[in-house]
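Structural overview
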Amino acid sequence: MSLQDYPVTVREEAARLRELVCRLHAELPRWELVVWTAGNVSQRLRSADLFVIKPSGVGYHELTPEAMVVCDLDGRLVDGDRAPSSDTAAHAYVYAHLPDVGGVVHTHSTYATAWAARGEEIPCVLTMMADEFGGPVPVGPFALIGDDSIGRGIVQTLAGSRSPAVLMRSHGPFTVGVDARAAVKAAVMVEEVARTVHIARQLGEVTPLEQGDVDALHARYQNVYGQGASDPATPSRTTEEPV
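What this report covers is the structure whose coordinates are included nearby. Every chain begins its residue count from 1, and numbering advances along the sequence as written. At least 70 in pLDDT is required for a residue's local features to be given in this predicted model, at least 80 for side-chain atom pairs to be given and counted, and no such filter applies to totals for whole chains, interfaces and linings, which use all residues. Only hydrogens and water are set aside; all other atoms, that is, all heavy atoms of the structure, feed into the side-chain values.

Below, the discussion takes up the sheet that holds strand β1 (residues 40–44). To summarise the sheet geometry, strands pair through backbone hydrogen bonds and adopt either a parallel or an antiparallel arrangement. For two strands to be treated as a pair, DSSP must find no fewer than two bridges joining them. Under the scheme used here, helices are H or I runs from DSSP no shorter than 4 residues and strands are E runs no shorter than 2 residues, and both carry numbers assigned from the N terminus. With respect to topology, eight strands assemble into an open sheet ordered β4-β3-β2-β1-β5-β8-β7-β6, the strand pairing being mixed. Each edge of the open sheet is held by one strand with a lone partner, namely β4 (77–79) and β6 (139–140). Each of β6, β7 (165–168) and β8 (172–177) touches helix α6 (residues 149–158); the most contacted strand, β7, lies at about 130° to it. Throughout, a residue-residue contact means that at least one pair of heavy atoms, one from each residue, lies within 4.5 Å. Between the N-to-C directions of two axes lies an angle of 0 to 180 degrees, each axis being a line fitted to C-alpha atoms and, for a helix, fitted only over the stretch in contact.

Most of α6 sits out of view: seven of its 10 residues are buried. In this scheme, a residue with accessible area under 20% of its type's maximum is buried, one over 50% is exposed, and one in between is partly exposed, where area comes from a 1.4 Å probe on protein chains only. Those residues of α6 lying buried are Ile 150, Gly 151, Gly 153, Ile 154, Val 155, Thr 157 and Leu 158. Looking at the packing, one finds that the buried side of α6 touches α3 (88–97), β6, β7 and β8.

The nonpolar side chains of soluble globular proteins are, as a tendency, buried together. In this text, buried Ala, Val, Leu, Ile, Met, Phe, Trp, Tyr and Cys residues form a nonpolar core when linked through side-chain atoms within 4.5 Å. With 28 residues, the main nonpolar core has Leu 3, Val 41 and Leu 50 as its most contacted residues. Those elements that place two or more of their residues in this core are α1 (8–25), β2 (50–53) and α7 (180–203). The leading source of residues in this core is α1, at six residues. Among all residues touching Leu 3, those that are not within four sequence positions of it are Val 10, Arg 11, Ala 14, Arg 18, Leu 50, Val 70, Val 78 and Asp 79. With 21 residues, the next largest nonpolar core counts Phe 51, Ala 143, Ile 154 and Val 166 among its residues.

That's the geometry; what it means functionally is another story.
Below, the structure is given as structure tokens:
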């Protein structure tokens, strides 16, 4: 089934998301999260079981909205002139099994990938980590690229965690969010805490935060922080903080 077979509302949303996803890809090199053509951003459509993702092997300076491709939740190409990202099957599996996820990002950012190479979770030793990740950043299993094995590992690992990020063993970080912008923010944040905790461990032992403090910090950040809650007594979640 091609995109032209879908209602006009779906085609219009796909066009909007092509522009958005293209713009968000520019954030990855800006924050030094990728090299060459590695890494990708995707966002799920709200109007159909489809998502927009980067084409495979195309440089960031070459990306245009028209170059973005549309796939279904089985990872099949629905619209576009180029082959989709090699990580498409992983993104598709996440969308198919985590209905609250609207955006997925994958990078090979240096410090987060170093933790993944060690197969070691990033311990929650910073208030920033409690805020954003609700605890340590977990490690997912090793999986080969090419089918939905990586997606299965992501879903399995995040099922027991509040973290929007997972370090796939010997591969790199994947992040999720309510939309692609939130997933990009999580990708930026996971690299920042991976670097900071690495540096801290060079100086000496680090001590994880108490669980009660992690819970309190996470609840405040998710429900009160930012411009979405005008009255702290009636907090509401917002994703409008700057990336």
